[in-house]
Amino acid sequence: MLTRIALRIAVQEALRGQTLAGPNVLDSQIAALDLDADGSLRTDQDKPFLSVNTDGGNISAGSGLMILFNDSSVELVIEAGISAAMVEQDEGTGVTHIVGVGLPATDAAMEMTLDLMMRGVSDALVDPANSWAEIVRSLLVSVSGVERSRVGQKSNGTRLAAHELRIRGEIVQDPVKGADIAGTTLAAFLAALAADGSPSLIKVKEAFESVLAGEAVDWQLVQRELGLSDGQSIALGGRPLAPDENGEAAPLDEGSIKISGRQGVDP
């Protein structure tokens with residue numbers, strides 16, 4: 001949900017301009033690296049690229065709908081792709097080379113370019129000076145495994161190669177609507193969106209704020225976090241029996257207590 005979106009965007013911004021892909025870092029763009037009906041690998045990109053998406057997610061059995069906000073497992077998928085068609089010609093020498101890389105479009109050079117791109121990914125994500133990477137590290141609270149894979153193919157006469165990095169781990173849980181997120185990683189993410197100032201990221205910030213907006217008293221937040229029904233919340237003493245229109249407990253003017261099973265006791 002929100003933290004998955006935040007993780008994807010933070011990874012993209014952390015990688016942008018930090019690898020041989022340059023600014024060509026894509027968000028969940030399926031066509032960037034896809035299979036044709038006959039199983040052939042294809043791409044719609046015209047220069048080396050990175051693509052970032054989140055996959056997987058495993059919600060363990062829980063009590064009530066609280067598990068909707070406990071979906072903390074994630075697979076962060078980063079793909080690097082290149083093809084022999086991604087070339088440009090040096091006007092001075094007439095020699096063709098990979099766009100933005102400067103190496104000839106040979107199999108060996110393409111493979112090395114992918115290796116260097118993935119090394120750049122690793123360097124960027126652990127760079128203490130990269131503020132977006134710091135948000136990534138704060139959102140991804142634990143890593144349980146890393147898987148690397150490679151695919152290479154010749155399709156319609158064009159050589160295409162790609163590397164994939166899968167990082168499995170746990171991310172911070174989504175806050176419920178109306179929760180105070182001051183001082184949290186999500187608040188730092190929203191501040192980074194505002195500081196960047198690009199129209200697309202400002203729209204993301206506004207969308208997050210719209211989802212999170214709302215005022216709630218303490219018992220309402222607890223009931224949302226636990227996914228309880230009104231009856232369950234009352235039984236646990238988590239909400240007032242008769243809250244007023246603002247959700248606050250109504251003042252108790254008078255009441256009576258009935259004690260059964262007691263005899264011979266003066267009132």
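Residues numbered from 1 in each chain as written. Predicted model: local features only at pLDDT ≥ 70, side-chain atom pairs only at ≥ 80, totals over all residues. Heavy atoms only, no water.

(A) Representation of the overall build of the chain within the structure. Secondary structure assignment for the chain yields seven helices and nine strands. Out of the 267 residues belonging to the chain, those deemed buried represent 38%. Expressed as a percentage of contacts within the chain between residues at least 6 apart in sequence, the contacts between residues at least 24 apart total 64%. Taken as a whole, the chain presents about 15100 Å² of accessible surface, with 52% of it coming from carbon and sulfur. (Helix = DSSP H or I, 4+ residues; strand = E, 2+ residues; numbered from the N terminus. Buried < 20%, exposed > 50% of the residue type's maximum accessible area, 1.4 Å probe, protein only. Contact = heavy atoms within 4.5 Å. Areas by Shrake-Rupley, 256 points an atom, 1.4 Å probe, with all protein chains shown as cover.)

(B) Main features of the environment of Glu111. Its place among the elements puts Glu111 in helix H2 (residues 107-125). C-alpha of Glu111 to C-alpha of Ala162: the two residues are 51 residues apart in sequence and 8.4 Å apart in space. If near-sequence neighbours (up to four positions away) are discounted, Glu111 is found in contact with Arg150 and His163. Of the polar contacts made by the side chain of Glu111, one reaches the side chain of Arg150; its length is 2.8 Å. (Polar contact = N/O pair within 3.5 Å; in protein donor to acceptor, adjacent residues only side chain to side chain.)

(C) Summary view of the pairing of strand S5 (residues 73-83). In terms of residue burial, S5 counts as a mostly covered element, since 11 of its 11 residues are buried. Of the two faces of S5, the one holding Ser73, Glu75, Val77, Glu79, Gly81 and Ser83 and the one holding Val74, Leu76, Ile78, Ala80 and Ile82 are both buried throughout.

(D) A look at the packing of helix H4 (residues 185-196) against helix H5 (residues 199-212). The N-to-C vectors of H4 and H5 enclose an angle of 145 degrees; their axes lie 8 Å apart at closest approach. Seen along the crossing, H4 lies across H5 with a hand that is left-handed. Across the interface between the two elements, Leu186, Phe189, Leu190, Leu193, Ala194 and Asp196 from H4 touch Leu201, Ile202, Val204, Lys205, Phe208, Glu209 and Leu212 from H5. Class assignment of the residues belonging to the contact of H4 with H5 gives a composition of 10 nonpolar, no polar and three charged. (Axes fitted to C-alpha atoms, helices over the stretch in contact; angles between N-to-C directions. Left-handed = near helix turned anticlockwise from the far one by under 90°. Nonpolar A, V, L, I, M, F, W, Y, C, P; charged D, E, K, R; others polar.)

(E) Summary view of the layout of surface pockets. Of the pockets and cavities examined, the largest pocket occupies roughly 190 Å³. Along the walls of the largest pocket sit Leu76, Ser122, Leu125, Val126, Val136, Arg137, Leu140, Val143, Arg148, Leu165 and Ile167, which together make up its complete lining. Elements with a minimum of two residues in the lining of the largest pocket: H2, helix H3 (131-139), strand S8 (140-155) and strand S9 (158-171). Here the lining of the largest pocket gets three residues from one element, more than from any other, and that element is S8. Each residue belonging to the lining of the largest pocket can be placed in one class, and the counts come to eight nonpolar, one polar and two charged. (1 Å grid on protein atoms, 1.4 Å probe; cavity = no way out; pocket = protein on both sides within 12 Å on 5 of 7 lines; lining within 4 Å. Points joined across faces, edges and corners; volume = space filled by probe spheres on them.)

(F) Here's a closer look at the pattern of salt bridges. The full count for this structure, using the stated rule, is 10 salt bridges. The shortest N-O distance in the salt bridge between Arg16 and Glu13 comes to 3.0 Å. Salt-bridge contacts for Arg119 lead to Asp123; the nearest nitrogen and oxygen are separated by 2.9 Å. Linking Arg119 with Asp123, this pair stays in helix H2, spanning four residues, or about one helical turn. Taken together, the shared-partner salt bridges in this structure form one network comprising Asp55, Glu75, Glu164 and Arg166. (Salt bridge = Lys/Arg side-chain N within 4 Å of Asp/Glu carboxyl O.)

(G) Quick look at H4. Under the 1.5 Å per step criterion, the end-to-end length of H4 is 16 Å for 12 residues, consistent within 8% with the ideal 16 Å. Contacts from the buried residues of H4 go to helix H1 (2-15), H3 and H5. Gly197, located one to two residues past H4, shows a positive phi value of around 80 degrees. (Expected span 1.5 Å × (residues − 1).)

(H) Region of the structure containing the nonpolar core. With 51 residues, the main nonpolar core has Val11, Leu15, Leu50, Ile78, Trp132 and Phe189 as its most contacted residues. Beyond its immediate sequence surroundings of up to four residues, Trp132 is in contact with Ala10, Glu13, Ala14, Phe189, Ala192, Leu193 and Leu201. (Core = buried A, V, L, I, M, F, W, Y, C linked by side-chain atoms within 4.5 Å.)

(I) Layout of the packing of aromatic side chains. Applying the stated criterion across every chain yields a total of two aromatic pairs. An angle of 75 degrees between the planes, with centres 6.2 Å apart, marks the rings of Trp132 and Phe189 as edge-to-face. Placement of Trp132 in helix H3 and of Phe189 in helix H4 is noted, with a sequence separation of 57 residues between them. Pair check on accessibility: Trp132 and Phe189 agree, each one buried. Relative to Phe208, the ring of Phe189 has its centre 5.5 Å away and its plane inclined at 50 degrees; by these criteria the two rings are tilted. Here Phe189, found in helix H4, pairs with Phe208, found in helix H5; they are 19 residues apart in sequence, far enough to count as distant. Phe208 matches Phe189 in its accessibility class, with the two residues each being buried. Among the aromatic residues, ring-to-ring pairing joins Trp132, Phe189 and Phe208 into one connected group. (Phe/Tyr/Trp six-rings, centres within 6.5 Å; stacked < 30°, edge-to-face > 60°.)

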